[in-house]
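# Architecture and fold: a report
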Amino acid sequence: MLNHLNHEPETVFSPEHVLENRGRVAIFIDGSNLFYAALQLGIEIDYTKLLVRLTSGSRLLRSFFYTGVDRTNEKQQGFLLWMRRNGYRVISKDLVQLPDGSKKANLDVEIAVDMMSLAGSYDTAVLVSGDGDLAYAVNAVSYRGVRVEVVSLRSMTSDSLINVADRYIDLDNIKEDIQKTPRSYTYRPLSGIGLMDEHDDQHSS
């Protein structure tokens, strides 16, 4: 019986078929979760590449980036300004100092509320988080006809979240598509640009 089923590929939707049916996409990124996943992978995220990869040619409604902020951190403020100007809607919350001295901001409620309130405006939600606390929200929007894709690092992802998702993507499998390309800037001639510089860079690294 199993052998018979294996000979009928037309009964199974390929990933390409699934992607064709994504409709309008909304992206919800848990910034802190993604940051720690990138640390685990040893990569630096290229957020332009990330947006392209997560949209995958579908129509993008909006891409939300949720993060805790330290108002005194100028580098972070500059990064968030860049994000706002390059396709992301940034939702931020001030970091709160915990008793152990660490700082944290939990934006699960904001993510859940936005997923629910926009559910009539998009067909597919792409949730970049491994936080099991979001499983209830994912389940709720799926009952409103939304298809949910969860993107996260498997070792940092709750099974409860994967179980309610329509599709799961491990960041480890797409890291080449979303990481910044390492370049050596130790040697760049002042004159002559273009292909020659790239050639020189390759030999100097």
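See the structure printed just above.
Residues numbered from 1 in each chain as written. Predicted model: local features only at pLDDT ≥ 70, side-chain atom pairs only at ≥ 80, totals over all residues. Heavy atoms only, no water.

What follows covers helix H9 (residues 171–178). Taken together, the buried positions of H9 are Leu171, Ile174 and Ile178. Angular distribution of buried residues about the axis of H9 spans 80°; they occupy a single face of the element. Residues of H9 that are exposed and point over 90 degrees away from its buried face: Asn173 and Glu176. The elements touched by buried residues of H9 are helix H3 (31–41), helix H4 (47–55), strand S7 (147–152) and strand S8 (167–170). (Buried < 20%, exposed > 50% of the residue type's maximum accessible area, 1.4 Å probe, protein only. Helix = DSSP H or I, 4+ residues; strand = E, 2+ residues; numbered from the N terminus. Arc of directions from axis to C-beta. Contact = heavy atoms within 4.5 Å.)

Now for the packing of H4 against H9. Viewed as axis vectors pointing N to C, H4 and H9 meet at an angle of 125°, and their least axial separation amounts to 9 Å. Between H4 and H9, the angle is such that the two are oblique. In the crossing of H4 with H9, the sense of the turn from one axis to the other is right-handed. The residues of H9 that touch H4, namely those facing Lys49, Leu50 and Arg53, are Ile174, Asp177 and Ile178. (Axes fitted to C-alpha atoms, helices over the stretch in contact; angles between N-to-C directions. Parallel < 35°, antiparallel > 145°, perpendicular 65-115°, else oblique. Left-handed = near helix turned anticlockwise from the far one by under 90°.)

Each strand in a sheet pairs with another by means of backbone hydrogen bonds, the pair being arranged parallel or else antiparallel. Taken in spatial order, the six strands make up an open sheet running S3-S2-S1-S6-S7-S8, and their pairing is parallel. Of all strands in the sheet, those with a lone pairing partner are strand S3 (89–94) and S8, marking the two edges. With strand direction ignored, the average angle separating the axes of adjacent strands in the sheet is 15°. Alignment of strand S6 (residues 124–128) against S7, held across five bridges, turns out to be parallel. When the bridges of S7 are listed, Leu127 appears paired with Val150. Against the sheet, H9 touches S7 and S8, its axis set at about 65° to S8. (Pairing = 2+ DSSP bridges.)

Here the focus is a positive patch on the surface. Taken together, the side chains of Arg24, Arg59, Arg62 and Arg89 define a basic patch exposed on the protein surface. Its location among the elements puts Arg89 in strand S3. (Patch = residues over 30% accessible without salt bridge, like charges linked within 9 Å, V, L, I, M, F, W, Y side chains within 5 Å. Areas by Shrake-Rupley, 256 points an atom, 1.4 Å probe, with all protein chains shown as cover. Salt bridge = Lys/Arg side-chain N within 4 Å of Asp/Glu carboxyl O. Lys, Arg positive; Asp, Glu negative; His and termini not counted. Charge placed at Lys NZ, Arg CZ, Asp CG, Glu CD.)

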